[in-house]
Every structure is written in C-alpha cells, then in structure tokens.
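# Examining the three-dimensional arrangement
Residue-level listing of the chains:
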Amino acid sequence: MVKVIVNGKEVEVSEGSVVLDAIKKTGYSVPTLCFFKGVYNEAACRMCLVELPNGKLVPSCAYPVSDGLKITTDSERLRKTRRMVLELILAVHKMKCYQCARKGGFCLLLDFAKEFGVEGIPVCAECPLHGEDCLLVKGEPCLGFLTVAGCGSPCTREGTPCFGCRGPVTREDVIESAVKRFIEHGVDLRDLHSRMKLFWSSFPQFKHVFDLVLKYEKKYMGEKK
Amino acid sequence: MTWNLMDKCCDKCWHTLEYPCRNYIRCRIEGPLCHDDPDCRRKREYRIREILYGKTGFKIKVPMASCTIAAGAQEVYKAVLDEVKSRGINADVTISGCMGMCYMDPWIELSKTGMPSAIYANVKPGQVSKIISEYLGGDVSSAYALRNHTGKAKGEDKVPLLEELPQWKNQVRWVSRNCGIVNPESIEEYIALGGYRGLDKALKMKPEEIIEIIKKAGLRGRGGAGFPTWLKWKIAREQPGDVKYVIMNADEGDPGAFMNRLLAESDPHRVLEGLIIAAYTIGASKGFIFVRAEKPLMAERLSKAVEQARKYGLLGKNILGRGFDFDVEVILSAGAFVCGEETALIAAIEGRTRPRQRPPYPATKGLWGKPTIINNVETLAHVATIMAEGWEKFASMGTEKTKGTKMFCVTGAVQRTGAYEVPVGTTIKKLVEEIAGGPGEGRRIKAVQIGGPSGGCVPASLLTTPIDYETLQKAGAIMGSGGIVVIDDKSCMVDVAKFFTSFTVAESCGKCFPCRIGMKILYDTLTRITEGKGREEDLEILRELGEIVRSASLCALGGTAPNPVLSTLRYFEDEYLAHVRDKKCPAKVCRNLVEYWINPEKCIGCGTCKQNCPSNAISGEPGKKHVIDVSKCIRCGQCFIVCPVGAVEKR
Amino acid sequence: MQTATLLQLKHGQTKLVDLKEVVSFVRSIVECYGGKRQYLMRMMQEIQKHYGYLPREALEELSKQTGIPLVDVLNIATFYHQFTLEPPGYYIIWVCMGTACHLKGNADNYDILKNILGLDNHSKTTKDGLFSLEKARCFGACSLAPVIMITSRDGSERYLHGHVDPLGLRKIVAKYRSKAIKKIKEKKGGRK
C-alpha cells in the first residue's frame, strides 16, 4: 500500500494503481472523457489533468502512484486548462447531435460543457425526440439545432418547438448544417426568422448569426431550385 | 590481401573470436603484449604509419558524407581517381568524413611526406588536375588552409593554418576530433587513432564505476532535455530482471540540425563504442540503432561499423573475454518526426505508432516492458570519448551545471554554415559571429532560432547569452539537439513562427487533443494574421492557447511545440502588431501584406509577367514598361517570381 | 519488369498488380522476417521498395499471412511519411521544408513546382505519371539551401539540387521529364 495525499487528504491505495483511483477513494472527482478502466488508459483527452507540487500537469488516469505523492485536483489553472481543452475538443466536434446515438442522454461532452460553461452544443443533444418524432422532421420551425443546450429541453419534450431562448450556437459550420436541414425539411423560413428574432435580435453580438443564416439560406435555396 | 592491423601478428598470438584476448585492443597499437618480438612490433608500427600517412607517402582525402556528396564530392572523387590513374601518380586516395565546415564543401586534403598537409575548399571536378600538379610541384598557395607548416613548400606563408582560422580556433574538437580525419568505413583506422580504448577501459571496470565516472564528468543528455546520463543508467541498472535494452536514438529530425548525422557518418565507430559501453553498464544484451529514413548514408555507415565490430569480436559473445554478450540491430525508421520522442521511438520498434504517457519512464519500463535506455548519438560519442580520455578534461569544460562540449549546427543567414563544437557556456554571439562568420556585409542579425521546432527565437539583444540548458530556457528557447538558425532582417518573425507551427501540425501524431487541435488553431490564427485578417485579440488567443498546449500535452513534442510562437510573441510583438494593426509586413515576406510594383528603371518590357499574371492586373505593350494595377492584383507573387531581371519589387 | 507495368498505370488505378505475384512475394518476405510484429515496419519497407508504393492487395495479404490485424498494418502505413498508398511518379521531387530552406524561399518553390507540374491541391502525382511532388523534412544539406532532391521511384537514382531558384526550376523539370520519357521508352523496348 502507498500513501497518496489528495488535496491535503491522505489516502492509501494499492501499489501499481493510478492517481485516479486514489482520487476516487477520497471522494473527489475529476472529469474523464477517454478513460475506460481496463480498456483504454492512453491519457489522450487530457481532461483528467491534476497538478503536482512542482507545477506539472499530469493525467490522473495514467500517472502511477508513488509514496507521499501530493496532488491537487482543483485550482484556477486546472479549471482553465480543462475548460480550454474542452473547448478544443468541441471546436472540432461535428455537432450532428440530431443523428447521434447518444441523443437525449449520457453525452459526456454535454455534461462537461454545462459544468465548465462552454457554449457550443445545441439543444438537440438533450432532446429525447428521435427520428420521426423530431419536430424538425415534422416540418415545425424548431430552433433546437441552433440553440445552446443546457436548459434540459423542456419545450421540445412537451412537443413545443424550441424558441431559442438561450441564444444561438455561433459556430459557422453548425449554422450551415442547421440551415441546410431547415431547408431539407421544408420549414417555413419566415416563421423561422420571426422565431429567431424573438430572443436574439436585441443582442448586437448575434447579428452575424443572422447574416450567416441568410447567407446559407440563399446558398441552399439556390441549390434546391 | 594486405596484413590488417586487426589480424594476428604471428602464430604466438592466441586471440580468437571464441576465446578472445582481454588485451586485444591495447595490443593492436602498443604492439604484442603477450610475447616480445621486435619483428611483430615493427610490423605493427609500420602498419599504423601506413594507415595514418598512406602507403605511398602521398595521401589524397576526399570527404564522403551526405553534405559533401550533395555538394558534388562523388564527382570530385571520381576526378581524383581518374587523374591519379591517368598520370600514373603513386598515391592513396581515401575517403573521410565531414569536417563540419559545410560552407567549403566539397573539400579535398592532400598530404605528402615533407610537404604541409593542404586543404582545398569548394573544389570542382575540373580543378582537380591543376590542384594535384600544383601540390606535387611544391606549391600550396591556392590552398584554403594548411594543417601544419614545414617551411619547404612555396606560398606557405600566404595560406593560414587551419588551427589559426577563427572557425577552428574557437572550437574545442572533443567528440568530433576524428571527423574529417578518420576513414569512416575502416575500423582499423579508428583503432590506429586510439579508438575502442574507452571500451577496453570500461570493460575492465565494474558498471558502478563507469556510472561514477560519467557522474563525475557531469555528462547530460545531448538530445535536448539535458537529463543526467548517469542517473538514467543508474535507474536502468537497478531495475530487476536480466533482459534490458539499449537504443541509440539516431532519428534526428529537427530541421537545421545535422550534428548526429555528421558524427555517425564521419566517425561511426565512436558512437557504436559508446553504445557498447552503455549496454555493458546497464547489463543489456541487445541494442538497437534507430536511424532516420531520410538519412540513408548514416544507416549505411552505422551498419558497416556494426558488421566490422562483429567481425573482430567487439560485438557478439564474450566481448574481449569479459563474459559480456551484446549485439546490435540497425533499424531504419519510416519517417515520423515524433519518433525522436523516446516512447514513440519504442513504439516504432515494437511495430506500433504514437508516444505514450510518461511515467513509467523507459528506464524502468520501455521496449516490450523491459528497462530500456535511449541515448542520443552525440551523448554516446561523448561517453566513448570520456571513457578514453578521462573525465577530468571533460569536466573542466563547460559551465557549472553543464559540463563538456556540445556540437551546434549553424545555418541560415551566416557566411560559414556548418557544425561546430564548442564548450557549453559559449555565447551565441561568439558562435554565430566569430565562428560562423556572421550574416555578411550590410545585413543585420534579427534573431537566432535555437532548438528547431521545439525551440524558440532569441532576439539580437540577447546574443550574449551563454548557451546552456538553463539560460536558454530562461530566454524562451531550448538547447534541443543544437540546431541554430540565424535569421536576418529579410525574414518575417510571424512567418517564421508560422513555419514552425506548420511543421508541428504536420508532425503531430494526433493522439492528444491539445497538440492535435490546439496547434491547428494556433496555425490557423497565424495564417490569418499573415494574410492580413488578424485582429488584436488574436495575440491574446495565441498566448493563452500556447500556454495550455504547452502544459497539457502528452509528450515532449506538444509540450514544446508552441515555443516558437510564444518566444516570437515575447520578443517581436511589434511585428505581430504591425501585421494586425497596420496590415503591413515589415520584412515584406507575407504575400498578402505587400504591394508589388514594377520598377520602370529595370523593366525590359519582355511581357513575361503579363503572361503569367492570373488576374490580368498587368498592362503594357511588348518592349515598353509594364504597370501593375493594384486594385486587380491578388498578390500571388507570380510576376515577382518570373521576372527575368528582377524588376518586380515589393513595397 | 514490375516497374514497367506500373509505369502504364494511370493515376488512381491500382488493380494492375498481379495477385499471384503479390501472394508469393509477401510470403517470401514473411518467411524472411518470421512474420513477427516487431518486423512489421521492415516488411512494409520491403514491399514499398519492391512496388514503389504499398498496394492494398499486398497489405491485405501481409495481414492475412502474419495474423496482424489489417487495421494495425494500415495504421503504420498511414502514420509514417515514408509509406505511400498511391503509386508515385517515375521521378519524385522532394522539396526540402527545413528551416534554412524555408527562409530562403522553398515554400514559394513548392508552389511554383506545383504550378509547373500542373498539380492541384488533392493530387501529388502528375496525370502522365512522370512526376510526384512531395514535401520533405531536412536533408541536412542546409549549407546548400534551398534544396530539392529528385529520386527515381525505385530509389536507384538520387540527385540533389542546391541553391535552386524559381527560374531554374522549369529547366530542371524539363530535364528530368525528357530523361524519364527516354528511360520508359528504353524499358518498353527492352520488354518487346
């Protein structure tokens, strides 16, 4: 058995285990994305970073314990780093939540995005409506694809199309694919515009979202014709 | 077949591969030790003289390393052979390695008894005949440098001695002592020059004693991180189990660094000797040499050295009768920059890809889970030299924290590019200006990039910094493998940062997010800035993201990849600001930020630019001055490239 | 013989590899190296040396005979720069992207070469199969920067050109184009 000190709390774990085990034993938690005990511990996602006394950041899922090891699981720097890493991951994530198998639950990315306050995941990720039930497929002007998640999608659960009260996802590729889908499913664009204006028009920082929507509408309407 | 120095002198010598003599190496030079026979002694002394000065008394040396071959050494070698044959000159034509002074490639060295040994620089095949007849006529006035003075040859006083040249005088040739002198393909010559003595000494010691010597010498890994070599060896030695491995890291991938290639091509036996000593110290019986695929000659030379060493019992079973078995395998990498990283290198040998998280360090858990030490070519060459020459001399050089010498490759805007060996702690200024000759008339050094894609840029104001692991780190760069690229005022620092970032983006293995995505975003941001679309917030993004990538990445590649960006941002923020605020590139490098115009004084009206312009922005009649319409110009730079008289200028 | 067949290949067609020959060739390599995972990279280097690239068929065969999953074989094939899954041109032009070469304008030279050879962003080999354009890491010939190296597909010819300038590139390409055409004709003639 070796003694590890997690945030000042001493804990004994068996030799050969990793820092994450010690952290779990003390009751603290660190976010993990790629770690899957016994299957994958390649330390690729870098969400589980913890800080050593010398200022080094190491992944807790792969760092072996040693006697008297002191680690910190939470600090300003760690939070910033994790948040940034999450932002990086989301920056290349495809955001096709409407066709994702995890739709409506257990999306770790969504949970972390909520926890760290990273915007960029649309309401669709939380919405439990699938396939034929999707309001968009029914032709209703649901803004779920464009709106920042985190509300728990109470409206779409009840069958009311999303109003976008949480503001839009401002990423260009998300907007493009959203507009593409709106047009594919024959949503009434005027209805859509009025819905978007309802909550977003009073914020000047969302103006470029409108511009982008109009730009891609033009593009895909043209293609359709 | 002539008698070989490695062979038996007479039947009294009982050395065989099965039952090797313990004094085999010493016996090769100091004459027969087990029996006293003046004939044998004479035979040996005569052979050593023959190796060093040639059979005929006239030796012509042509360097054969990648750099000299690229500059045309093969043609020169052929010309020398033809010349010697056609004129019936009695001469030994041999090859040697590279001296490290690449600006004078290809060079040849002529030495005849009674004449000073003369080096001729930048030789063209056509000049060979003239050089040889001049030299044989007793005239050395057209030589570049002389190794010694005899006072007999004509024009001797006009030619400087090699050791008086600033680029030679300021060097300490410790590990590169044989480079350019020894024939890299001959073990005999290496031994005649005192080679394998270190191994001989080491095998008579206990491994702990060797570790102690290396510790006293204060040798730190020359691959970049500067980890104490003795500590690495000690950890590996203390691991339980009898299967251990040693690996020579010859996967030198930093652009602008070629000292490992030079050492392994010019003096391969020295690095091999170091590897054998390392294996003996930690108790490994199997070693690997991992060579970069882009450097085939290095692999060839190392394989040849391994073969020769095996032939004479320096590899294999019961080496020198000490009951120590060791063999080496040369592996050719398939080309990935990340393989220079220890764990990725191990993965490549195992037939996998990508690095893994450290710890466990390879010294405790490496190749196939066994303790493994991985040492850089230069480190191993140092080990061999320290064992042969003693640690005292090595420890007397260098700074307090880092002892000894280090080879640096100075390239870019200097007059004398090449690889130079200086004591650690020499200032950058001395290295760049005195040894490498500075940037030349009318040009100004703006910055010095040290350490390749993981290093940083040191501005001209900090050129007096002594080169050491710690001082460089403080200045925002790293020693790395020792590539120094001198950047003059013709280069744009944002472009330099972008170049290194593009390198790491392409070479990132893609395993961890900070490196894979973070570097891509850094690159995209830099591209935006060089295209004139940058905003001032971008600089903050660069800084913040760079810090995150540096601290959160998995391996050393990602951990150092943002260094070029961060260091240029630190010292050259004004250039970044000129790009984002004024949309101007001060060095006129970034295509989208310069304006092309045709200088009417130079234009000859050939119309080439007009034909090549993709946007029809150039107008003008044949034979008359052409003009670029700035509003139509897309700044592709084609006209600048194609103009035969250089009339298209940037402003 | 094999190189001659490949020369007639148009870009993207890889079916012309003789399957029987592949099986026997891969078998000989696997026997030589004992089919060990440790030697996977070297076996693939042998295949690449033989064909000039890694034909899909050979990789599948390699996986079948050694028992190493195809995904691992492809992992290595795509990770390391030396391996290519497409047949390269007769001559491969390597543009050095080292620091010294970059500072002296090799990035521009790359674009110019692309222009001269008529390549777009997605292709590396010219339509006639004579040239491939590749970016290379440092050759260690920094004193000659900017440098381009031209190698033949089978690796038997290697030429290094130092101090290249935009105007000289056209001449170099023209020289090697006529050289390649001549050699291909010779080989074809030899076969008949």
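Predicted, not measured: the structure shown is a model, and the values here were computed from it. (Residues numbered from 1 in each chain as written. Chains lettered and ligands numbered in written order. Predicted model: local features only at pLDDT ≥ 70, side-chain atom pairs only at ≥ 80, totals over all residues. Heavy atoms only, no water.)

Turning our attention to the domain arrangement of chain A. All names here are of chain A. Structurally, chain A comprises domain 1 (2–82) and domain 2 (94–224). The C-alpha-based centres of domain 1 and domain 2 are spaced at 37 Å. The partner domain 2 presents 4 residues to the 6 residues of domain 1 that form the contact. With both sides pooled, the region where domain 1 packs onto domain 2 buries about 420 Å², and carbon together with sulfur makes up 88% of that total. Applying the counting criterion to the domain 1 and domain 2 interface returns 0 salt bridges. (Domains from an automatic or database assignment. Contact = heavy atoms within 4.5 Å. Buried area = accessible area lost by both parts, 1.4 Å probe. Salt bridge = Lys/Arg side-chain N within 4 Å of Asp/Glu carboxyl O.)

What follows concerns the arrangement of the chains. Between chains B and C lies the most contact-rich interface of the 2 pairs of chains that touch. Contact between chain A and chain C is absent, and the least distance between their C-alpha atoms amounts to 17 Å.

What follows deals with the side chain of K61(B). All names here are of chain B. Mapped onto the elements, K61 comes out in strand β1 (residues 58–63). The buried charged residue K61 lacks any salt bridge, with E109 as its nearest oppositely charged partner at 4.1 Å. Only 3.2 Å separates the side chain of K61 from the backbone oxygen of I181, close enough to count as a polar contact. Beyond its immediate stretch of four places on either side in the chain, K61 contacts T94, S96, W107, I108, E109, G180 and I181. (Helix = DSSP H or I, 4+ residues; strand = E, 2+ residues; numbered from the N terminus. Buried < 20%, exposed > 50% of the residue type's maximum accessible area, 1.4 Å probe, protein only. Lys, Arg positive; Asp, Glu negative; His and termini not counted. Polar contact = N/O pair within 3.5 Å; in protein donor to acceptor, adjacent residues only side chain to side chain.)

For the rest of this paragraph, the subject is the interface of chain B and chain A. In this complex, chain B contributes 17 residues to the contact, which on the side of chain A involves 20 residues. Across the interface of chain B and chain A, roughly 1600 Å² is buried in total on both sides, 72% from carbon and sulfur atoms. When the area that chain B buries against chain A is broken down by residue, the three leading residues are Q357(B), F513(B) and I548(B), summing to 31%. Applying the counting criterion to the chain B and chain A interface returns 1 salt bridge. At the surface where chain B touches chain A, the tally comes to 5 residue pairs in polar contact (both at pLDDT 80 or more). Looking at the side of chain B that touches chain A, the elements that each hand over two or more residues are α20 (513–530) and α21 (537–552) of chain B.

All names here are of chain B. Within the secondary structure, E536 sits in the loop between α20 and α21. Taking the C-alpha atoms as reference points, E536 and D39, separated by 497 residues in sequence, lie 82 Å from one another. For E536, the residues in contact, after removing those within four places along its chain, are L577, V580 and R581. Side-chain polar atoms of E536 contact the side chain of R581, separated by 3.0 Å.

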